[in-house]
Amino acid sequence: MATQKVGGEVDAQCTRCKMNLAHTILAMVGPKIVRVRCNTCGGDHAFRGTAGVTDRPTKASTRAPRAASSGGSTRAEKVVISFDEQLAGKDLASAPTYSPKDTYKVDQVLHHPTFGVGLVTAVRGDKVDLTFRTDTKTLVHGRGGVPADRPVFSPPTNKHTGPADKPQAELPPDSEAAAEISLPSGD
């Protein structure tokens, strides 16, 4: 088998053409080809070798012989707890209504105006994960502190400004000259 390099050709399964065709190698990680371009349709895709040829070991070759004793390890089964089972034993009548201003803790039951009854499953800083009957939502909490100081709006003034290259002398607001804007004469 010849060594392959970026820019070289290799036969591979084209995902667009659905055939084993010649491809140009676009990217490699070490000796492994990872990205190719089909020479027929021009499509780029991950390298998939030729159909029917695999470098993965088969299940039969990866299985270890079973031990004769019955003390072998068993695989743990996944346990799924329904939403109703998670709420069992919780006081739903005294559950507070959700508000972004309040602070919540894990395993607390809340009433949300849109999503219904929910259970707090995670708290991350100013965000909580609430699990509802149909979905899990990430919502904010603890935003009820003092509002941040907002910048004060200052409207523009009615001062006449002249050309930007000439400094303007400021006149006291009480003087009559401030009322009249005099332009320089062309003498």
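Residues numbered from 1 in each chain as written. Predicted model: local features only at pLDDT ≥ 70, side-chain atom pairs only at ≥ 80, totals over all residues. Heavy atoms only, no water.

**Q** Explain the side chain of H45 here, please?
**A** Tracing the sequence through the fold places H45 in strand β4 (residues 44-46). Accessibility expressed as a relative area gives 5% for H45, which makes it buried. Not counting residues within four places of it along the chain, the set of residues in contact with H45 comprises Q13, C14, T15, H23, V34, R35 and V36. (Helix = DSSP H or I, 4+ residues; strand = E, 2+ residues; numbered from the N terminus. Buried < 20%, exposed > 50% of the residue type's maximum accessible area, 1.4 Å probe, protein only. Contact = heavy atoms within 4.5 Å.)

**Q** Would you mind going over the packing of aromatic side chains with me for this structure?
**A** Given two aromatic rings, their pairing is described by the distance between the two centres and the angle made by the two planes. Under the definition given, this model contains two aromatic pairs. Ring centres of F115 and F132 lie 5.2 Å apart, and the angle between their planes is 45°; this geometry places the pair in the tilted category. Linking F115 in the loop between β5 (109-112) and β6 (116-124) with F132 in the loop between β7 (127-131) and β8 (136-140), this pair joins segments that are 17 residues apart in sequence. A residue is classified by how much of its surface remains accessible, and F132, at 5% relative accessible area, is buried. (Phe/Tyr/Trp six-rings, centres within 6.5 Å; stacked < 30°, edge-to-face > 60°.)

**Q** Looking at this structure, how should I read the pairing of β6?
**A** Residues in a regular strand project their side chains so that they alternate between the two faces of the sheet. Here four bridges tie β5 to β6, and the two strands are oriented antiparallel to one another. By the bridge assignment for β6, L110 is matched with G118. In sequence, β5 turns back onto β6 through a hairpin of three residues. Where β6 lies against β7, five bridges are found, and the strand directions are antiparallel. Opposite V120, over in β7, you have L130 as the bridge partner. Where β6 hands over to β7, the hairpin turn is made up of two residues, of which G125 adopts a positive phi near 65°. (Pairing = 2+ DSSP bridges.)

**Q** I keep staring at the sheet that holds β4 and nothing clicks. Help me out?
**A** Where strands meet in a sheet, backbone hydrogen bonds hold them as pairs that are either parallel or antiparallel. Read across the sheet, four strands follow the order β1-β2-β3-β4 without closing on themselves; strand pairing throughout is antiparallel. Taken across any chain shown, the strands that pair with only one partner, and hence form the sheet edges, are β1 (9-13) and β4. The mean inter-strand angle of the sheet, taken between neighbouring strand axes irrespective of direction, is 50°. The sheet contact formed by strand β3 (residues 32-38) and β4 spans three bridges and is antiparallel. By the bridge assignment, R35 is partnered in β4 with A46. (Axes fitted to C-alpha atoms, helices over the stretch in contact; angles between N-to-C directions.)

**Q** Help me out: how do you make sense of the sheet that holds β7 in this one?
**A** Across the sheet, which stays open at both edges, the four strands sit in the order β5-β6-β7-β8 with antiparallel pairing between neighbours. Bordering the open sheet on either side are β5 and β8, each of which pairs with just one other strand. Adjacent strand axes in the sheet meet at a mean angle of 45° when their direction is disregarded.

**Q** How should I be thinking about the pattern of salt bridges in this particular structure?
**A** In the structure shown here, the tally under the stated rule is five salt bridges. Across the pair D84 and R133 runs a salt bridge, and its minimum N-O distance is 3.0 Å. Taken as a pair, D84 in helix α2 (residues 83-87) and R133 in the loop between β7 and β8 lie far apart in primary sequence, 49 residues in all. Residue classification places D84 among the partly exposed residues on the basis of a relative accessible area of 48%. The exposure class of R133 is exposed, given its relative accessible area of 55%. A salt bridge links R124 to D129; the nearest nitrogen and oxygen atoms lie 2.7 Å apart. For R124, a relative accessible area of 43% translates into the label partly exposed. (Salt bridge = Lys/Arg side-chain N within 4 Å of Asp/Glu carboxyl O.)

That is the geometry; function is a separate question.
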